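Summary of the model geometry
So you can see what is in the structure, the chains are spelled out below.
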Amino acid sequence: MKVSIKKKEKSKKKVIKLLSGEPIDQPSDRDVRFGKGKGSYNSKGNKKMLALTAQYHPHVGNSYELKMRFCKHIVECIRSEGGRFVIRSNGKWYEVSDADAIAKVEQQFRNRKNKTPNTSSTKSANTASSSSSEPNVN
């Protein structure tokens, strides 16, 4: 039985499909939690997912097919280690579908792509190079 949770996201509604209508007692350390805030971000399962996306991100480039292959692989890795992708609704936890789990991982790849480089290290490098009169073009 598939149950849907309507979640408002920036003026559009997103329907998340659940694997079953049965709630989960409590998420484990291996589970990836959907949601905002420290509870989701700091969970061990979410940190594992972030580490895997960081590991594979340099290999993705602009290839959508390669990114989707890595997303599916990451979902399989987490699930093979006993992890689930879960969301909280009305105070209860539910496991989400494969498609929504893959979408969660795909969003992490987009977040990594959109991160700006550390400006403090760039500024110090620019300051050091601007002190010499000739630019180094080797």
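Residues numbered from 1 in each chain as written. Predicted model: local features only at pLDDT ≥ 70, side-chain atom pairs only at ≥ 80, totals over all residues. Heavy atoms only, no water.

Here the focus is the overall build of the protein chain. Within the protein chain, the secondary structure is distributed over five helices and five strands. Scanning the protein chain from its N terminus toward the C terminus, one meets helices and strands in the order β-β-β-α-α-α-β-β-α-α. For the protein chain, with 138 residues in total, the buried portion stands at 30%. Contacts in the protein chain between residues far apart in sequence, at least 24 positions, make up 59% of those at least 6 positions apart. Looking at the protein chain as shown, the accessible area adds up to about 9,700 Å², and 49% of this sits on carbon and sulfur atoms. (Helix = DSSP H or I, 4+ residues; strand = E, 2+ residues; numbered from the N terminus. Buried < 20%, exposed > 50% of the residue type's maximum accessible area, 1.4 Å probe, protein only. Contact = heavy atoms within 4.5 Å. Areas by Shrake-Rupley, 256 points an atom, 1.4 Å probe, with all protein chains shown as cover.)

Attention shifts here to unusual backbone geometry. Its identity is not glycine, yet Asn 90 carries a phi of approximately 55 degrees, on the positive side. Considering the arrangement of structural elements, one finds Asn 90 in the loop between strand 4 (85-89) and strand 5 (92-95).

Quick look at the environment of Glu 81 now. Mapped onto the secondary structure, Glu 81 falls in the loop between helix 3 (64-80) and strand 4. Along the sequence, Glu 81 and Asp 31 sit 50 residues apart, while their C-alpha atoms lie 9.6 Å from each other. If we skip the residues at most four places from it in the chain, Glu 81 touches Arg 30 and Lys 48.

Another point: helix 2 (residues 44-60). Along its 17 residues, helix 2 runs 24 Å from first to last C-alpha, staying within 8% of the 24 Å computed at 1.5 Å per residue. A bend of about 25 degrees at Ala 54 is the largest found in helix 2, and the proline Pro 58 appears one to four places after it. Note on helix 2: the residue one or two positions beyond its end, Gly 61, has a positive phi of about 65 degrees. (Expected span 1.5 Å × (residues − 1). Bend = angle between axes of the 7 residues up to and from the residue.)

This next bit is on the packing of aromatic side chains. Within the structure shown, the criterion is met by one aromatic pair. Ring centres 4.7 Å apart and planes at 15 degrees place the aromatic pair Tyr 56 and Phe 70 in the stacked group. In this pair, Tyr 56 sits in helix 2 while Phe 70 sits in helix 3, placing the two residues 14 residues apart along the sequence. The buried category is assigned to Tyr 56, whose relative accessible area is 14%. (Phe/Tyr/Trp six-rings, centres within 6.5 Å; stacked < 30°, edge-to-face > 60°.)

The next thing to look at is the packing of helix 2 against helix 3. With their axes 10 Å apart at the nearest point, helix 2 and helix 3 run at an angle of 155 degrees to one another. Considering their axes alone, helix 2 and helix 3 lie roughly antiparallel with respect to each other. Helix 2 and helix 3 meet at a crossing whose hand is right-handed. The residues of helix 3 that touch helix 2, namely those facing Met 49, Leu 52, Thr 53, Tyr 56, His 59 and Val 60, are Leu 66, Lys 67, Phe 70, His 73, Ile 74, Cys 77 and Ile 78. (Axes fitted to C-alpha atoms, helices over the stretch in contact; angles between N-to-C directions. Parallel < 35°, antiparallel > 145°, perpendicular 65-115°, else oblique. Left-handed = near helix turned anticlockwise from the far one by under 90°.)

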